[in-house]
Amino acid sequence: MQRIYYGEDIYQYGELMLPETPAPHPVVVLIHGGFWKADFDLDLTREIAMDLTAAGWATWNIEYNRIGQNGGGWPGSFRDVADATDHLIHIEHEYRLDLDRVVTLGHSAGGHFALWLAGRHRLPDTSDLFKETFLEPGAVVSLAGISDLSMMHMIHAFRDQELAKPADNPTAELMGGSPSEVPDRYRDGSPKELLPLSTAHILFHGSLDVNVPVGMSDDYYEWAENIGDPVKYIRLTDTEHFMFMDPSTRAWKKVKEEMELLLKHL
């Protein structure tokens, strides 16, 4: 495992692991969740990174500035994830990576970024997140991902109201306001708003998820399918939010099966 910095900040780095299979290596960009907060880091995705590396993928497990850190929130967290992914272009030859076979894979808030990376080609050149050149993934895998930022904002607002507690809305913290206050940011930062992605993507979600309700993926899938986007949805009835991060679970085994299919067809 090698720690490689894609920027000058202490959190602008990734962990690269290479498989023992012949090069050039297909790559998985792994993006951890934790509602974009500084309390959580890439330790969350290290075990599945190791498992995917053993299965023949080069894995690029990325860190980024999160809420509570100087560079976190809008637009810094988005730019970090974008720059980390695009850094593969700079290390492609040194590590013999196959950038024609790149998959972005994220869990929860990381699933949001995994999908967003595939949709950023639709950003207008006036956007804070626009880049002239960037690496487009060949496929996306979202594990209990936040595919609709406006819906996630509403869910947190409703929960706080029900619990009669002070507002704790990580989506608002990430975006610097509500959908009504900063609509352009939600338009540019939410995967659902960027449909069609025009990239093959697979949604996994568990029916027992209480952190990111499964209805979010239900809704996103319906929208994506109706406009003809290449999307596949695997809804697991016996799975809660964090089972996707445990290589011993049935949920992760289902993800691995889909990754094996992607490895054959990318």
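Higher on the page you've got the structure.
Fair warning: this is a prediction, and the values are worked out from it, not measured in the lab.

Draft legend 1. Broad picture of the side chain of threonine 239. Within the secondary structure, threonine 239 is located in the loop between β8 (231-236) and α9 (250-265). Since its relative accessible area comes to 2%, threonine 239 is described here as buried. Of the polar contacts made by the side chain of threonine 239, one reaches the side chain of aspartate 238; its length is 3.2 Å. Setting aside residues up to four positions removed in sequence, threonine 239 forms contacts with Gly206, Ser207, Leu208, Asp209, Phe244 and Ala251.

Draft legend 2. View of the nonpolar core. Formed by 54 residues in total, the largest nonpolar core has its most connected members in Ile31, Trp36, Trp60, Leu88, Trp116 and Ile146. When residues of this core are assigned to their parent elements, the largest contribution, seven residues, is made by helix α4 (residues 109-119). Not counting chain neighbours up to four residues away, the residues in contact with isoleucine 31 comprise Thr45, Ile62, Tyr64, Val81, Leu105, Gly106, His107, Gly110, Phe113, Ala114 and Leu117.

Draft legend 3. Layout of the environment of serine 180. In this fold, serine 180 is placed in the loop between α6 (170-175) and α7 (183-189). A sequence separation of 12 residues divides serine 180 from aspartate 168, and the C-alpha atoms of the two residues are 17 Å apart. A polar contact is formed between the side chain of serine 180 and the side chain of serine 178, at a distance of 3.0 Å.

Draft legend 4. Main features of the environment of isoleucine 202. The residue isoleucine 202 is located in strand β7 (residues 200-206) in this model. Once the C-alpha coordinates of isoleucine 202 and valine 255 are considered, the two residues, 53 residues apart in sequence, prove to be 9.4 Å apart. Contacts of isoleucine 202, omitting those with residues within four sequence positions, involve Val140, Val141, Ser142, Lys232, Ile234, Glu258 and Leu262.

Draft legend 5. Region of interest: the sheet that holds strand β2 (residues 13-17). Read across the open sheet, the eight strands follow the order β1-β2-β4-β3-β5-β6-β7-β8; overall the sheet is mixed. Both edges of this open sheet fall to β1 (2-5) and β8, since each of them pairs with a single strand only. Taken pair by pair, the neighbouring strands of this sheet meet at an average axis angle of 20°, ignoring direction. Across four bridges, the pairing between β2 and strand β4 (residues 58-62) is antiparallel. The residue of β4 that forms the bridge with leucine 16 is tryptophan 60. Packed on one face of the sheet, helix α8 (residues 214-226) meets β7 and β8 and runs near 155° to β8.

Draft legend 6. How the structure looks around the pairing of β4. With five of five residues buried, β4 is to be regarded as a mostly interior element. Residue alternation in β4 divides its side chains into two sets, Ala58, Trp60 and Ile62 and Thr59 and Asn61, and both sets are buried. Bridging between strand β3 (residues 25-31) and β4 involves five bridges; their strand directions are parallel. Looking at the pairing, leucine 30 lines up with asparagine 61 of β4. Read as a crossover between parallel neighbours, the route from β3 over helix α1 (residues 43-54) to β4 is right-handed.

Draft legend 7. Summary view of the packing of aromatic side chains. By the definition in use, this model includes nine aromatic pairs. Ring geometry for phenylalanine 204 and phenylalanine 244: centres 6.1 Å apart, planes at 65°, overall edge-to-face. Pair noted here: phenylalanine 204 is in strand β7 and phenylalanine 244 is in the loop between β8 and α9, with a separation of 40 residues, a long-range link. For phenylalanine 204, a relative accessible area of 0% translates into the label buried. Here phenylalanine 244 falls in the buried class, since its relative accessible area comes to 0%. Counting every residue linked through ring pairs, the aromatic cluster contains Tyr64, Trp74, Phe78, Phe113 and Trp116.

What counts and how
All residue numbers refer to position in the chain's written sequence, counted from 1. Restriction of local features to residues with pLDDT of at least 70 applies here, the model being predicted, together with a cutoff of 80 or more for giving and counting side-chain atom pairs; totals for whole chains, interfaces and linings are based on all residues. Only heavy atoms go into the side-chain values, all of them from the structure, while hydrogens and water stay out. The way it works is that DSSP assigns letters per residue, a run of H or I at least four long becomes a helix, a run of E at least two long becomes a strand, and they are numbered from the N terminus. For each residue, the accessible area found with a 1.4 Å probe, counting protein chains only, is set against the maximum for its type, and the residue is called buried under 20%, exposed over 50%, and partly exposed in between. Definition of a polar contact: a pair of N or O atoms within 3.5 Å, with one able to donate and the other able to accept a hydrogen when the atoms are protein atoms, and with sequence-neighbouring residues admitted only if both atoms are side-chain atoms. Contacts are assigned to residue pairs that have any heavy atoms within 4.5 Å of one another. Take the buried residues of types Ala, Val, Leu, Ile, Met, Phe, Trp, Tyr and Cys, join any two whose side-chain atoms come within 4.5 Å, and each joined set is a nonpolar core. Note on pairing: two strands pair once DSSP finds at least 2 bridges between them. Interaxial angles span 0 to 180 degrees and are taken between N-to-C directions of axes, which are lines fitted to C-alpha atoms, for helices over the stretch in contact. A right-handed crossover is one whose linking path, passing over the helix from the first strand to the second, runs clockwise when the strands point away from the viewer. Only centres within 6.5 Å qualify two rings of Phe, Tyr or Trp (six-membered ring in Trp) as a pair; their planes then separate them into stacked at under 30 degrees, edge-to-face at over 60, and tilted for everything else.

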